Amino acid sequence: MSQKTVLTGITTTGTPHIGNYLGAIKPAIEASRNPAFKSYFFLADFHALIKCHEPDRVAASTREIAATWLAMGLDPEQAVFYRQTDIPEITELTWILTCLTSKGLMNRAHAYKASVDQNREAGKEDLDDGVLMGLFNYPILMAADILMFNADIIPVGKDQIQHIEMARDIAGRFNYQYEPLFTLPEAQVDEETKLIPGLDGRKMSKSYNNTIPLFADRDTLRSLIFQIRTDLRQPGEPKDPDDSTLFQLYRCFANEQETAAMRQRFLEGIAWGDAKQELFEFLDARLTEPRTRYNELMNDLGHVETVLKSGAEKARAYASPLLEKARIAVGIRPLTYIATAPVEEQKKKEKSAEELERIEQGRLRAVMIQIQPLLDQVKQASDPAVEARQVLADKQAEVDGAKKKARDKLQNELDLLQQSLQAYL
């Protein structure tokens with residue numbers, strides 16, 4: 001059984017905190033040790049520029065995040081760990097994909113729509129006020145990140161599922177328009193991901209200013225833990241562990257036996273001050289070793305740079321040949337290039353049934369994107385049956401009047417239109 005490729009991007013705009021570690025870093029590193037997967041991890045520093053225009057912050061975050069993942073156990077020999085900006089093939093592929101991607105698809109991106117909605121609510125005449133092209137085109141860069149390595153699985157939060165769907169749409173359109181080079185990725189959402197509470201009980205997030213830095217020194221860690229909100233129940237009064245931020249944080253780092261013992265102490269009425277002190281000592285004991293390693297790495301950034309450069313070499317060993325194929329597919333070729341159709345035909349014959357099915361799904365998806373406006377037109381018509389017949393007649397006329405290469409594509413659209421509009425005929 002061949003390895004599946006798993007790709008994870010890490011935006012470089014902040015200092016890693018305990019919530020980042022428990023929600024993303026820990027499960028990703030554990031998954032990277034599974035030999036069934038080929039894992040790619042990259043520092044998404046180009047993505048950071050979309051919302052952060054503070055150069056020092058981006059640079060500092062890149063250093064901190066790289067050191068954090070290595071300190072927490074990511075093995076660069078088992079996984080490919082690289083910086084996005086060290087892979088020029090990604091930006092070139094982004095432009096190629098941009099030339100295939102409709103504005104209508106980008107108009108539907110959640111982040112862009114949210115900005116438009118905010119301008120509308122604010123009564124602004126220009127609904128695009130403040131919208132930068134980096135934000136608008138963000139899903140295309142993300143698609144290039146994914147397709148550049150033909151990733152099969154993309155671990156994401158629910159808010160990112162749409163971007164994976166867009167990457168599938170873009171890959172399908174390229175495969176249909178030019179050559180089936182790209183895998184259609186699948187989003188992997190962990191439905192059981194625990195909500196990691198912050199100092200105020202809400203989800204730990206930089207936007208709430210309630211985080212606990214992963215590698216805070218002992219004094220800072222203790223100070224932050226003693227700021228965690230508790231209720232007014234006195235020592236000796238039973239306390240609900242499932243409603244306590246202290247217990248939830250403890251449980252995230254503890255094993256079953258340790259969790260059960262602490263739960264019992266809550267039910268028996270542990271004092272809040274004692275609970276905070278125990279949480280501090282418990283977390284400090286588990287973070288001391290990685291904190292030491294992190295500080296060593298931050299004092300030896302030349303080593304971290306070497307690790308990232310080595311990862312970039314591995315990544316480019318895959319990306320460069322694939323980009324060359326994409327360039328040739330779209331027509332960017334040496335003047336002396338001669339197509340090798342027989343070899344390509346043989347490669348197609350050698351594809352597995354699973355690969356062929358995946359390619360066919362991508363082709364159909366791309367065709368569906370092309371005909372969707374016509375399907376919407378029929379659905380919204382006052383007499384859908386009449387409109388359906390007219391749409392099919394118009395498409396048939398296009399097929400009849402097209403040259404051979406264009407005719408094949410238009411015929412595919414006509415075939416799928418006929419299937420999709422069957423209910424109206």
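In what follows, the structure referred to is the one given above.
Now for a description of the structure that goes with this document. Here the structure is a predicted model, which means the values were calculated and not measured.

Another aspect to go through is the pairing of strand 1 (residues 4-11). Relative to strand 2 (residues 37-44), strand 1 runs parallel, the two being bridged by eight bridges. Within strand 2, the position partnered with Gly-9 by the bridge is Phe-42. Regarding topology, helix 1 (residues 18-32) serves as the crossover connection from strand 1 to the parallel strand 2, and that connection is right-handed.

Now for helix 4 (residues 88-98). If you check which residues of helix 4 are buried, you get Glu-89, Ile-90, Leu-93, Thr-94, Ile-96 and Leu-97. Down the axis, helix 4 shows its buried residues gathered within 165° of arc, on one side only. Against the buried residues of helix 4 lie helix 7 (133-147), helix 8 (161-177) and helix 13 (301-330).

Of the two faces of strand 3 (residues 80-83), the one lined by Val-80 and Tyr-82 and the one lined by Phe-81 and Arg-83 are each fully buried. One ladder, built from four bridges, connects strand 2 with strand 3; its direction is parallel. Pairing of Tyr-40 across the sheet is with Val-80, part of strand 3.

This part takes up the packing of aromatic side chains. Inspection of every chain in the model, using the stated rule, returns 14 aromatic pairs. Ring geometry for Tyr-40 and Tyr-82: centres 6.4 Å apart, planes at 80°, overall edge-to-face. Within this pair, whereas Tyr-40 is found in strand 2, its partner Tyr-82 is found in strand 3, the two being separated by 42 residues in sequence. Residue Tyr-40 is classed as buried on the basis of its relative accessible area, which comes to 6%. Taking the relative accessible area as the measure of exposure, Tyr-82 reaches 0% and is therefore buried. With 4.1 Å between their ring centres and 20° between their planes, Tyr-250 and Phe-282 make a pair best called stacked. Linking Tyr-250 in helix 10 (residues 245-253) with Phe-282 in helix 12 (residues 272-298), this pair joins segments that are 32 residues apart in sequence. Note on Tyr-250: relative accessible area 9%, which makes it buried.

Counting 52 residues, the largest nonpolar core has Trp-69, Phe-81 and Phe-253 as its most contacted members. For this core, the secondary-structure elements that each account for two or more residues are helix 1, strand 2, helix 3 (55-71), helix 9 (218-225), helix 10, helix 11 (256-267), helix 12 and helix 13. Looking at this core element by element, the count peaks at nine residues for helix 12. Ranked by size, the runner-up nonpolar core spans 50 residues in total, among them Tyr-138, Leu-147, Met-148 and Phe-149.

Criteria and thresholds
Residues numbered from 1 in each chain as written. Predicted model: local features only at pLDDT ≥ 70, side-chain atom pairs only at ≥ 80, totals over all residues. Heavy atoms only, no water. Pairing = 2+ DSSP bridges. Helix = DSSP H or I, 4+ residues; strand = E, 2+ residues; numbered from the N terminus. Right-handed = clockwise from strand over helix to strand, strands pointing away. Buried < 20%, exposed > 50% of the residue type's maximum accessible area, 1.4 Å probe, protein only. Arc of directions from axis to C-beta. Contact = heavy atoms within 4.5 Å. Phe/Tyr/Trp six-rings, centres within 6.5 Å; stacked < 30°, edge-to-face > 60°. Core = buried A, V, L, I, M, F, W, Y, C linked by side-chain atoms within 4.5 Å.

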